[in-house]
Amino acid sequence: MRGLRIAVLASGSGTNLQSIIDAIESGILESQIVSVISNKVDAFALERARAQGIPAYYIDSKVEEYDMKLLCRLEEDEVDLIVLAGYLKIISSELIRAYRGRIINIHPSLLPKFGGKGYYGIKVHEAVLKSGEAYSGATVHFVDEGVDTGEIILQESVPVYSTDTPDILQRRVLYEVEHKILVQAIKKLEEERG
Ligand code: GRF
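Residues numbered from 1 in each chain as written. Predicted model: local features only at pLDDT ≥ 70, side-chain atom pairs only at ≥ 80, totals over all residues. Heavy atoms only, no water.

Colleague: Teacher, can you tell me more about the packing of aromatic side chains here?
Modeller: The way to describe two aromatic rings as a pair is by their centre distance and the angle between their planes. Evaluation of the coordinates by the stated rule reveals one aromatic pair. Pairing Phe114 with Tyr119 gives two aromatic rings, centres 6.2 Å apart and planes at 80°, and the pair type is edge-to-face. Using a relative accessible area of 32% as the deciding quantity, one classes Tyr119 as partly exposed. (Phe/Tyr/Trp six-rings, centres within 6.5 Å; stacked < 30°, edge-to-face > 60°. Buried < 20%, exposed > 50% of the residue type's maximum accessible area, 1.4 Å probe, protein only.)

Colleague: Whenever I open this one, the pairing of strand 6 (residues 135–142) confuses me. Can you help?
Modeller: Looking along a regular strand, one sees the side chains alternate between the two faces of the sheet. Counting buried positions along strand 6 gives seven out of eight residues, so the element sits mostly inside the fold. Inspection of the sheet shows strand 5 (residues 103–107) paired to strand 6 by four bridges, in the antiparallel sense. By the bridge assignment, His107 is partnered in strand 6 with Thr139. (Helix = DSSP H or I, 4+ residues; strand = E, 2+ residues; numbered from the N terminus. Pairing = 2+ DSSP bridges.)

Colleague: Which parts of the structure should I look at to understand the nonpolar core?
Modeller: Generally speaking, soluble globular proteins have nonpolar side chains that are buried together. Val8, Val83, Ile104 and Ile186 are the most contacted members of the largest nonpolar core, which has 40 residues in total. Look past the residues within four positions of Ile104 in its chain and what remains in contact with it is Leu81, Ile82, Val83, Leu84, Val140, His141, Phe142, Val143, Ile153, Leu182, Ile186 and Leu189. If you look at the next biggest cluster of nonpolar residues, it comprises 19 residues, including Ala7, Leu9, Leu84 and Ile96. (Core = buried A, V, L, I, M, F, W, Y, C linked by side-chain atoms within 4.5 Å. Contact = heavy atoms within 4.5 Å.)

Colleague: Could you clarify how one ought to interpret the site of the ligand in this entry?
Modeller: The environment of the ligand is made up of Gly12, Ser13, Gly14, Thr15, Asn16, Gly86, Ile106, Pro108, Leu174 and Glu178. Between Ser13 and the ligand, the recorded distance is 2.7 Å, taken from a side-chain N or O atom to an oxygen atom. Take Ile106: an N or O atom from its main chain is 3.3 Å from a nitrogen atom of the ligand. Isolated, the ligand exposes 360 Å² of accessible area, and the fraction of that covered by the protein chains is 87%. One can see that the ligand is located within the largest pocket. Of the residues belonging to the shell around the ligand, the class tally is three nonpolar, six polar and one charged. (Near = heavy atom within 4 Å. Polar contact = N/O pair within 3.5 Å; in protein donor to acceptor, adjacent residues only side chain to side chain. Areas by Shrake-Rupley, 256 points an atom, 1.4 Å probe, with all protein chains shown as cover. 1 Å grid on protein atoms, 1.4 Å probe; cavity = no way out; pocket = protein on both sides within 12 Å on 5 of 7 lines; lining within 4 Å. Sits in = over half its atoms within 2 Å of the grid points. Nonpolar A, V, L, I, M, F, W, Y, C, P; charged D, E, K, R; others polar.)

If you want it as structure tokens, here you go:
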């Protein structure tokens, strides 16, 4: 089977997770999501996993053995690829070492612009509008020890309009680009590693 065993880490609503679930269901992707893990007990992403019969785990990131618990979970599930889909915890260097080249992240800007410490969620889009950029977009990249600094896999842009609010821009980037390029990036990795 050419598919990858994927763990999705998410802290929020999970629409990026849903785009992967839908792509698997429709046969676009041959991979399988073996677990969804969140550091937020009430993350809707966990509900989306449960609705699909995918094992969903809350791991409290405030406890000392958080990193070890996360690593054990991933090893137990024999994960090939970790997808950070709106995951608001910094990944430990131990985890990065263990899965170097096998952790990807979706970021809602055209990196390296508007990436790095402090640039997450709506803050990204506020900064884009404040800067007067004509375009924004999203990026899928490998995760390394930096914040949003790993090798870029795919990027796609959308226009920014003068009438945009941060919320309108966030939705355009999320629904027109993020969901699409995240699936395309996983497809690319399937083909390269299949
Ligand atoms: C997305 O905007 C993503 O780019 C960012 O966090 C958000 C996650 O949205 N990293 P969702 O939880 O997948 O709906």
